[in-house]
Amino acid sequence: MFSNARYKVSCRFFLVLAIPGDGAARLGLVVSRKNVPGAVQRNRLKRLIRENFRRRQSQLCGANLVVLARKDAHRHPNPALNRKLDGLLDDLLGKMRSAGAAEPGTANPDTARRESP
RNA sequence: CGAGUCAGCCGGGCAAUCGCUGUUCGUGUCUUUCGGCGCGGACGGAGGAAAGUCCGGGCUCCAUAGAGCAGGGCGCCAGGUAACCCCUGGGGGGCGCGAGCCUACGGCAAGUGCAACAGAAAGCAUACCGCCAGACAGCCGUCUGGUAAGGGUGAAAUGGUGCGGUAAGAGCGCACCGCGCGGCUGGUAACAGUCCGUGGCAAGGUAAACCCCGCCCGGAGCAAGGCCAAAUAGGAAUCCCAUGGUGCGGCUCGCACCGGAUUCGGGUAGGCCGCUACAGGUUCGCGGCGACGCGGGCCGCAGAUGAAUGAUUGCCCUCGACAGAACCCGGCUUACAGGCUGACUCGGCCU
């Protein structure tokens, strides 16, 4: 998925990859112990990402996402991270819409399933 | 009021809305059950350290006649416990005015080893300055011998004080203190007491140095272990077809390879159990100084599996630290914003 992701947006805290799909939108989390050492902070980031995904789920029209937390993302408070994620998802939706106008999405769900977790 | 010691507790609160997960009830649906998937309601949903994984157990599988060796752990005494390197009580030693705190606290007159610098000398040693005697010299001094009281070195120097004694001295002798051994008394014991006897008594320290002595220890871990069980490939058994097909070969002969059906066991993906009810919590009574034990009542208190406790908003306060269960307990250790309670000690002031 990292190599054949169709869409890619990122900032200092997160990297978001996406492949269009059909059916329910799906989310993969990558929050490594290397980037975020403490278990409590790791849980916090995962909750935050899931919450944002849940809020925007209906707009994503079945896309498969992978969100990677970068190093030191846990050093920032929730409101700042929420704003960043919100912005990233906006960018992603923008890219998907402009691409979708040119070419109707033909994703390969099998590939996505194999590599998403 | 100030300073301090010990023990224990709390670890933001409330409300609304939107979510996650488990149990349960109702309901819809799928194929009837089992069960799956929805929807709705109710209830439960991280910690004092969940952490480090440092000890000890339960549980599971494997191994195992017994004993020993190796290796490791522990080490004053008594008790508690499922067990412990833990806890409680007691003893010895050290620190503090004190409440209290700390303590790997068996053995070095079995063996081996180690000790920088200083110092004469640091282990089966010895005399630098001294003191004393004798000889030489005869003003200082030199040599030989005795001695270890005084000085000096050191973390540590072969018991301390006094008197006797002596050339000067020395446990050389004596008294007291200290120490060792034996007895007695108290105590379950460690140990204490010192009434008595006895030895003039030490060539010391270090065993978280090797070692010796005593006691204890089988291994691996819930990804333990067990159950259900696709697809694909391979295996076994039975039955059927039975002399067929393919390749070599000119052909016959011959050689090699290839069938179908059913059942079975192993077993991967996947699912389920293990999985939370217990060395459980709490309260009362009894026993015990206490750790804890016994008995009765009451309570049900997370079970996730890419891994659930959150988000947003509002109000309040002291403005929120360290930090996230993964089979379960008992400990230890470490991290921690801030706050609360009780007992006690020392000092000051007032009555």
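Structure: above.
This one's a predicted model, so the numbers in the text were calculated from it and none came from an experiment.

1. Considering the side chain of histidine 74
In step 1: Tracing the chain through its elements places histidine 74 in the loop between strand E4 (64–69) and helix H2 (78–102).
In step 2: Dropping the residues within four chain positions of it, histidine 74 is found in contact with Asn35, Val36, Pro37, Gln41, Arg44 and Leu45.

2. Things to note about the protein's contact with RNA strand B
In step 1: As a matter of local geometry, RNA strand B sits amid Ala39, Val40, Asn43, Arg47, Arg50, Glu51, Arg54, Arg55, Asn78 and Asn82.
In step 2: Backbone atoms, meaning sugar and phosphate, make up 66% of the atoms of RNA strand B lying within 4 Å of the protein.
In step 3: Taken together, the elements giving at least two residues each to the surface near RNA strand B come down to helix H1 (39–56) and H2.
In step 4: Take the surface near RNA strand B: its biggest share by element is eight residues, from H1.
In step 5: Looking at side-chain class alone, the surface near RNA strand B contains two nonpolar, three polar and five charged residues.

3. Observations concerning the sheet that holds strand E3 (residues 26–30)
In step 1: Strand order in the open sheet made by the four strands is E1-E2-E4-E3, with mixed pairing throughout. The outermost strands of the open sheet, each flanked by one partner alone, are strand E1 (7–10) and E3. Between one strand and the next, the sheet's axes are offset by a mean angle of 15 degrees, whatever the strand orientation.
In step 2: Two elements, E1 and strand E2 (residues 14–19), share four bridges in a ladder whose sense is antiparallel. The residue of E2 that forms the bridge with lysine 8 is leucine 17.
In step 3: Each of E2, E3 and E4 touches H1; the most contacted strand, E3, lies at about 160 degrees to it.

Cut-offs applied
- Residues numbered from 1 in each chain as written.
- Chains lettered and ligands numbered in written order.
- Predicted model: local features only at pLDDT ≥ 70, side-chain atom pairs only at ≥ 80, totals over all residues.
- Heavy atoms only, no water.
- Helix = DSSP H or I, 4+ residues; strand = E, 2+ residues; numbered from the N terminus.
- Contact = heavy atoms within 4.5 Å.
- Near = heavy atom within 4 Å.
- Nonpolar A, V, L, I, M, F, W, Y, C, P; charged D, E, K, R; others polar.
- Pairing = 2+ DSSP bridges.
- Axes fitted to C-alpha atoms, helices over the stretch in contact; angles between N-to-C directions.

Any link to function would need more than the numbers given here.
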